[in-house]
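Descriptive analysis of the structure
Listed below, chain by chain, are the residues.
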Amino acid sequence: MAGGMKFNKLIRKIHLGASMIIFAFMFMYVFTGFFMVNRTLFDIPEFTDTYDTITLGLKPGTDPSAYAKFLEDEFDLKGRREYRQDWKKNWIFGFYYPGENTVITVPPDQDSVFVKVSKQERTFYTVIHQMHVLRGFKGGWPYTVWAVFYDTAFVAMFIFAITGILLWWRTRRRYKYGGWFLAFGIALPLFFMLLYTWTK
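Residues numbered from 1 in each chain as written. Predicted model: local features only at pLDDT ≥ 70, side-chain atom pairs only at ≥ 80, totals over all residues. Heavy atoms only, no water.

**Considering the overall build of the protein chain**
Looking only at helices and strands, the protein chain has five helices and five strands in total. If you list the helices and strands of the protein chain from N to C, you get α-β-α-β-β-β-β-α-α-α. The burial tally for the protein chain puts 27% of its 200 residues in the buried class. At a minimum sequence separation of 6, the contacts of the protein chain that also span at least 24 residues come to 54%. Accessible surface for the protein chain amounts to roughly 14,600 Å². Of this, 66% is attributable to carbon and sulfur atoms. (Helix = DSSP H or I, 4+ residues; strand = E, 2+ residues; numbered from the N terminus. Buried < 20%, exposed > 50% of the residue type's maximum accessible area, 1.4 Å probe, protein only. Contact = heavy atoms within 4.5 Å. Areas by Shrake-Rupley, 256 points an atom, 1.4 Å probe, with all protein chains shown as cover.)

Right, dumping it as structure tokens:
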């Protein structure tokens, strides 16, 4: 009996801790999501694009991570840094910061770069939007920390659900209707998964 009480107390503490972690991120999503849904209430500035071709004294084949760091310093760029190679063997370097996106294309056999800078006035809405859609580990330690928080909330959701089922299971004789909530919670997403699979 005493062991069962200690187990229940431990599970309740874990359940409570997981709920607090989930609440922090759910609050962020609800808060930022409200402004995104009601975007018509805001005067959202448009992006303005500028283009330029610049010759650099770099040899082709430079390591892409080192090249990205060079471009970041050369053009005084900030924000998330990403790079990839397209089907033409061009290296595409992107630097993304709330209100300003810079994409630099480096051809495979040239030392010149094609620079596209998209700027948007930083407003309350643009920052909120960037916060809402921010994801991934790339871009430096602030983005890595943010991504770790995301993953922590993801794990907390599972812990919250599992500990909730355990708490209900130990008192299921008194709360028999809990089984219906559990079945409904499992059946609903399965239903929509099958619905979206079968419909075009």
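Now that the structure has been shown, we can carry on.
**Points about the pattern of salt bridges**
Two side chains carrying opposite charge are able to pair once their charged atoms lie near each other. Counted according to the given criterion, the structure contains two salt bridges. Here aspartate 73 and lysine 69 are joined by a salt bridge, their closest N and O atoms 2.9 Å apart. In this pair, aspartate 73 and lysine 69 are both assigned in helix H2 (residues 64-74), four residues apart and thus about one turn of the helix distant. Owing to a relative accessible area of 49%, aspartate 73 belongs among the partly exposed residues under this scheme. For arginine 81, the salt bridge goes to glutamate 72, with nearest N and O atoms at 3.0 Å. For arginine 81, a relative accessible area of 28% puts it in the partly exposed group. Relative accessible area serves as the criterion here: at 15%, glutamate 72 is assigned to the buried category. (Salt bridge = Lys/Arg side-chain N within 4 Å of Asp/Glu carboxyl O.)

**A closer look at the nonpolar core**
Formed by Tyr67, Ala68, Leu71, Leu77, Phe93, Phe95, Ile104, Val106, Val113, Val115 and Val117, the largest nonpolar core amounts to eleven residues. Elements represented by at least two residues in this core include exactly H2, strand E3 (91-97), strand E4 (100-106) and strand E5 (112-119). In this structure, alanine 68 is in contact with Arg81, Tyr83, Phe93 and Phe95, ignoring residues within four places of it in sequence. (Core = buried A, V, L, I, M, F, W, Y, C linked by side-chain atoms within 4.5 Å.)

**Some details on the environment of phenylalanine 31**
Examined against the element boundaries, phenylalanine 31 turns out to sit in helix H1 (residues 2-37). Here phenylalanine 31 falls in the partly exposed class, since its relative accessible area comes to 37%. It is 8.9 Å that separates the C-alpha atoms of phenylalanine 31 and isoleucine 128, two residues lying 97 residues apart in sequence.

**A look at the side chain of threonine 163**
Relative to the helices and strands, threonine 163 resides in helix H4 (residues 141-170). Apart from residues no more than four positions distant in its own chain, threonine 163 is found in contact with Ile11, Ile14 and His15.

**Section: the packing of aromatic side chains**
The tally for this structure, following the rule as stated, stands at 14 aromatic pairs. Ring geometry for phenylalanine 31 against phenylalanine 35: centres 5.0 Å apart, planes inclined by 75°, an arrangement best described as edge-to-face. Taken together, the positions of phenylalanine 31 and phenylalanine 35, both in helix H1 and four residues apart, correspond to about one turn of that helix. (Phe/Tyr/Trp six-rings, centres within 6.5 Å; stacked < 30°, edge-to-face > 60°.)

**Some words on unusual backbone geometry**
Its identity as a non-glycine residue notwithstanding, lysine 89 has a phi of 70°, on the positive side. Relative to the assigned elements, lysine 89 resides in the loop between strand E2 (80-85) and E3. On the basis of relative accessibility, which here comes to 52%, the residue lysine 89 falls in the exposed class.

**Comments concerning the environment of arginine 81**
Among the secondary structure elements, arginine 81 is positioned in strand E2. Put simply, arginine 81 and phenylalanine 95 are 14 residues apart on the chain and 4.7 Å apart in space, counted from C-alpha to C-alpha. Only 3.0 Å separates the side chain of arginine 81 from the side chain of glutamate 72, close enough to count as a polar contact. (Polar contact = N/O pair within 3.5 Å; in protein donor to acceptor, adjacent residues only side chain to side chain.)

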